[in-house]
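Survey of secondary and tertiary structure
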Amino acid sequence: MTGQRSAPHVPAGLGEEAAAWKLSANENPFPPLPGVLDSAVAAAGTLNRYPDPACRRLTAEIAGHHGVPPEHIAVGIGSVGVTQQLLQATAGPGAEVLFAWRSFEAYPELTAVVGAASVRVPLAPGAVHDLDAMLDAVTPRTRVVFVCNPNNPTGTVVRRAALERFLDRIPPTALVVLDEAYLEFIRDDEVPDGIDLYRDRPRLCVLRTFSKAYGLAGLRVGYAVAHEPVAAAIRGTALPFGVTLLAQDAAVASLRRGPAMRERVEALVVARDRLHAALTDQGWDVPPSQANFVWLATAERTAEFAAACARDGVLVRAFPDEGVRVSVGTDAANDRFLRIAAHHRTTRTR
């Protein structure tokens with residue numbers, strides 16, 4: 001279960017900008033929320049000044065949004081940046097970082113950066129976390145355990161009862177990081193909000209981002225919610241002035257546009273469920289998704305299928321010999337992808 005150092009991650013679709021539709025990066029197809037661009041334009045007038053390195057205004061806004069102390073917040077350059085800060089603060093040579101696999105590509109990459117060892121626990125049937133196997137894989141050297149919920153790239157979830165049992169059995173020497181980058185897209189009532197769980201669990205850290213539901217992927221801003229010793233350690237490894245003033249102001253404005261965000265997310269959820277139903281009807285193996293993407297278990301046909309999509313103007317994220325992750329896009333992009341999938345399925349089954 002211990003993995004080797006990963007090859008550098010290449011951003012999805014890099015160098016293929018000519019494709020008509022990019023469904024490879026889990027980006028929000030909507031523009032920034034109403035009023036957010038205005039905040040960015042206003043901030044642009046002060047680009048000759050450094051941003052607040054403590055992100056105090058944004059930290060206060062996040063704390064008020066979740067009803068937590070500001071001291072429990074650590075802001076960074078996207079949730080990936082916060083993840084790197086967290087690993088720098090908690091892991092290093094001789095330590096182990098444990099996670100399901102396949103899961104978010106950044107986990108093994110950032111683990112290698114800090115010199116720790118990745119321990120990858122295969123997903124259970126149905127492309128879900130195997131929490132019992134993950135518990136069995138914990139050793140005295142385990143410093144961080146990631147649970148991506150919903151999981152990227154499969155879109156599957158861990159429900160409350162199973163997650164709470166897991167958290168109660170993790171030894172106190174390990175920090176559990178609940179990565180909730182796609183939380184806003186969940187419609188399964190049995191999946192908990194990590195903020196509720198962290199309140200009485202000092203060894204639980206919750207990651208959030210403004211890249212997905214809020215549509216600020218290009219500005220790179222995310223945050224962690226954790227008890228003060230953990231949050232302070234994450235803040236202590238932050239890149240000075242890393243989160244720009246534009247990003248801070250846009251994130252504050254986005255948090256204040258909750259109703260508009262939820263309306264857009266609901267539209268994406270409807271489109272996601274339509275994609276899942278159509279692909280299932282076509283005969284594809286697609287687990288139920290609670291994120292803004294779907295997962296097709298294409299196995300050895302992955303490269304062939306991704307190439308067919310690209311030829312017809314749609315970029316998808318291919319994981320060789322495993323599957324394809326397809327982001328929810330505009331109606332036109334989704335329809336184009338479904339036509340490609342139907343044609344490929346038909347020609348492969350003749």
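Residues numbered from 1 in each chain as written. Predicted model: local features only at pLDDT ≥ 70, side-chain atom pairs only at ≥ 80, totals over all residues. Heavy atoms only, no water.

- Looking at an unreviewed UniProt entry, the protein carries the name Aromatic amino acid aminotransferase, with the source organism given as Streptomyces ziwulingensis.
- According to the UniProt record, the Cofactor (unreviewed entry) comment for the protein is "pyridoxal 5'-phosphate".
- UniProt annotates the protein under Subunit (unreviewed entry) with the comment "Homodimer." (UniProt positions renumbered as here; feature names shortened; annotations may be inferred.)

Observations regarding the environment of Ala 332
- With respect to the element layout, Ala 332 can be found in helix H12 (residues 331-349).
- Note: C-alpha distance between Ala 332 and Asn 151 (181 residues apart in sequence) is 26 Å. (Helix = DSSP H or I, 4+ residues; strand = E, 2+ residues; numbered from the N terminus.)

Observations regarding the pattern of salt bridges
- What the rule picks out here adds up to 18 salt bridges.
- The partner of Arg 160 in a salt bridge is Glu 164, and the shortest N-O contact between them spans 3.4 Å. Of this pair, Arg 160 and Glu 164 both sit in helix H6 (residues 160-169), separated by 4 residues, roughly a single helical turn.
- For Arg 160, a relative accessible area of 34% corresponds to the partly exposed category.
- Between Asp 168 and Arg 201 there is a salt bridge whose closest N-O contact spans 3.3 Å. With Asp 168 in helix H6 and Arg 201 in the loop between helix H7 (194-198) and strand E7 (204-209), the pair connects residues that are 33 residues apart, well separated along the chain.
- According to the relative accessible area criterion, Asp 168 is exposed, its value standing at 58%.
- Residue Arg 201 is classed as buried on the basis of its relative accessible area, which comes to 17%.
- Linked through salt bridges whose partners overlap, the residues forming this network are Arg 159, Asp 188 and Glu 190. (Salt bridge = Lys/Arg side-chain N within 4 Å of Asp/Glu carboxyl O. Buried < 20%, exposed > 50% of the residue type's maximum accessible area, 1.4 Å probe, protein only.)

A word on the nonpolar core
- If you look at the biggest cluster of nonpolar residues, it comprises 77 residues, and the most contacted ones within it are Val 75, Met 134, Phe 166, Phe 210, Leu 279, Leu 296 and Phe 337.
- Tallying contributions element by element places helix H10 (residues 258-282) first for this core, with 7 residues.
- Residues Tyr 107, Val 144, Val 230 and Ile 234 belong to the second largest nonpolar core, which totals 26 residues. (Core = buried A, V, L, I, M, F, W, Y, C linked by side-chain atoms within 4.5 Å.)

Digging into the sheet that holds strand E1 (residues 21-23)
- Ordered by their spatial adjacency, 4 strands build an open sheet running E1-E10-E11-E9, and the pairing between neighbours is mixed. Bordering the open sheet on either side are E1 and strand E9 (293-296), each of which pairs with just one other strand. Strand after strand, the sheet turns through a mean of 30° between neighbouring axes, direction not considered.
- Together, E9, strand E10 (314-319) and strand E11 (323-327) form the strand contacts of helix H11 (residues 302-311), whose direction differs from that of E10 by roughly 165°. (Pairing = 2+ DSSP bridges. Axes fitted to C-alpha atoms, helices over the stretch in contact; angles between N-to-C directions. Contact = heavy atoms within 4.5 Å.)

Here we look at the side chain of Asp 52
- With respect to the helices and strands, the residue Asp 52 is situated in the loop between helix H1 (36-44) and helix H2 (56-66).
- Within the structure, Asp 52 has its side chain in polar contact with the backbone nitrogen of Ala 54 (distance 3.0 Å).
- Residues contacting Asp 52, with those up to four places away along its chain left out, are Arg 57 and Gln 248. (Polar contact = N/O pair within 3.5 Å; in protein donor to acceptor, adjacent residues only side chain to side chain.)

Considerations on the packing of aromatic side chains
- Throughout the structure, instances matching the rule amount to 11 aromatic pairs.
- Ring geometry for Tyr 182 and Phe 293: centres 5.2 Å apart, planes at 85°, overall edge-to-face. On the criterion of sequence distance, the pair formed by Tyr 182 in the loop between strand E6 (175-179) and H7 and Phe 293 in strand E9 is long-range, its members being 111 residues apart. The exposure classification of Tyr 182 matches that of Phe 293, with both residues buried.
- The interplanar angle of 55° and the centroid separation of 5.7 Å between the aromatic rings of Trp 295 and Phe 319 together place this pair among those described as tilted. Placement of Trp 295 in strand E9 and of Phe 319 in strand E10 is noted, with a sequence separation of 24 residues between them. Of the two residues, Trp 295 and Phe 319, both sit in the buried class.
- Counting every residue linked through ring pairs, the aromatic cluster contains Phe 99, Trp 101, Phe 104, Tyr 107 and Phe 146.
- When the ring centre of Phe 319 is taken as reference, the NZ or CZ atom of Arg 317 above it lies at 4.7 Å. (Phe/Tyr/Trp six-rings, centres within 6.5 Å; stacked < 30°, edge-to-face > 60°. Lys NZ or Arg CZ within 6 Å of the ring centre and 35° of its normal.)

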